[in-house]
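# Survey of secondary and tertiary structure
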Amino acid sequence: MIEPAGHRVLVKVDEIKTETDSGIVLVTDANRDRDQRAQIFGVVAAVGVNAWKAFDDGTPWAKVGDKVAIAKYGGFDIEDPETGEHFRLLVDEDICAVIKES
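The structure reproduced in this document is the subject of the present report. Computed from a prediction, not measured in an experiment: that's the story for all the values here.

On to the overall build of the chain, then. Helix and strand content of the chain: one helix and six strands. When the elements of the chain are put in sequence order from the N terminus, they spell out β-α-β-β-β-β-β. Taking all contacts inside the chain whose residues are at least 6 apart in sequence as the whole, residues at least 24 apart take part in 68%. Counting every atom, the chain has about 6,700 Å² of accessible surface; 54% of that belongs to carbon and sulfur.

Now the structure itself:
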């Protein structure tokens, strides 16, 4: 597992299906737009030890397991060498919102 250092946050970015359950391939401009929009949502997978320490009282506004919106061009893509899963590694400021289910 990737452990973010310092004030970084690891986010498992939402992925858009490129194929239906029955095997139909979905490749259109609309899907590419949806895929780009999906890149701004994800779930916090890990938090660095210094994340959010420089802000106010240091209380984190997101924790592992939270669904979040992230800066579209923030951070960089990284692949876990053990599992092959893709993540986005961001600084704590790139978490724009926590998405609460009602």
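Below, the discussion takes up the packing of aromatic side chains. Two descriptors summarise a pair of aromatic rings, namely the distance from one centre to the other and the angle between the planes of the rings. Overall, the coordinates contain one aromatic pair when judged by the stated rule. Where Trp-52 meets Trp-61, the ring centres are 5.2 Å apart and the plane angle is 65°; that geometry is what we call edge-to-face. For Trp-52, a relative accessible area of 1% puts it in the buried group. For the cation-ring pair, Lys-12 lies above Phe-87, with the distance from its terminal atom to the ring centre recorded as 5.6 Å.

Another point: the pairing of strand S4 (residues 76-79). Sheet analysis places S4 next to strand S5 (residues 86-91), joined by four bridges and oriented antiparallel. Directly across from Glu-79, in S5, lies its bridge partner His-86. Hairpin connection between S4 and S5: a loop of six residues separates the two successive antiparallel strands, and Gly-84 in this loop has a positive phi of roughly 80°.

Let's shift gears to the sheet that holds S4. The six strands are arranged S4-S5-S1-S2-S3-S6 in an open sheet whose pairing can be described as antiparallel. The sheet is open, and its two edges are formed by S4 and strand S6 (95-98), each paired on a single side. The mean inter-strand angle of the sheet, taken between neighbouring strand axes irrespective of direction, is 45°.

Another point: the side chain of Asp-80. Structurally, Asp-80 can be placed in the loop between S4 and S5. We note that Asp-80 is buried and unpaired, the nearest opposite charge coming from Lys-12 at a distance of 9.4 Å. A polar contact of 2.9 Å, which involves the side chain of Asp-80, links it to the backbone nitrogen of Glu-82.

Bringing the nonpolar core into the picture now. Ranked by size, the top nonpolar core spans eleven residues in total: Val-9, Val-11, Val-13, Val-44, Ala-51, Trp-52, Ala-62, Val-68, Ile-70, Leu-90 and Ile-95. Looking at this core, the elements that each hand over two or more residues are strand S1 (8-13) and strand S3 (67-70). Broken down by element, the residue count for this core peaks at three residues, all from S1. Among all residues touching Ile-95, those that are not within four sequence positions of it are Val-9, Val-11, Trp-52, Trp-61, Ala-62, Val-68, Ala-69, Ile-70 and Leu-90. In terms of nonpolar packing, the next biggest core, distinct from the first, is built from five residues, Ile-2, Ala-46, Phe-87 and Leu-89 among them.

Cut-offs applied
- The residue count restarts for each chain, going from 1 along the sequence in the order it is written.
- Note on the predicted model: pLDDT of at least 70 is required for a residue's local features to be given, and 80 or more for side-chain atom pairs to be given and counted; whole-chain, interface and lining totals, by contrast, use all residues.
- By convention in this description, side-chain values take in all heavy atoms of the structure and omit both hydrogens and water.
- Helical segments are the DSSP runs of H or I of at least four residues, strand segments are the runs of E of at least two, and each set is numbered from the N terminus.
- We call two residues contacting when some pair of their heavy atoms lies within 4.5 Å.
- Here the accessible surface of atoms and residues is derived via Shrake-Rupley with a 1.4 Å probe, and residues count as covered only by protein chains that are part of the display.
- Here is the rule: rings of Phe, Tyr and Trp (six-membered ring for Trp) pair when centre to centre is within 6.5 Å. Planes less than 30 degrees apart are stacked, more than 60 are edge-to-face, and the remainder are tilted.
- Note on classification: 1.4 Å probe, protein chains only; a residue is buried when its accessible area is under 20% of the maximum for its type, exposed when over 50%, partly exposed between these limits.
- The criterion is that NZ of a Lys, or CZ of an Arg, lies within 6 Å of the ring centre and within 35 degrees of the ring normal, and then a charge sits over that ring.
- Note on pairing: two strands pair once DSSP finds at least 2 bridges between them.
- Lines are fitted to the C-alpha atoms to define the axes, a helix being fitted only along its stretch in contact, and any angle between axes, read from their N-to-C directions, falls within 0 to 180 degrees.
- Positive charge is attributed to Lys and Arg, negative charge to Asp and Glu, and no charge count is given to His or to the chain ends.
- Only one rule defines a salt bridge in this text: a Lys or Arg side-chain nitrogen within 4 Å of an Asp or Glu carboxyl oxygen.
- Two N or O atoms count as a polar contact when they lie within 3.5 Å, although within protein this holds only if one can serve as hydrogen donor and the other as acceptor, and sequence-adjacent residues are included solely when both atoms are side-chain atoms.
- In plain words, nonpolar cores are sets of buried Ala, Val, Leu, Ile, Met, Phe, Trp, Tyr and Cys residues tied together by side-chain atoms within 4.5 Å.

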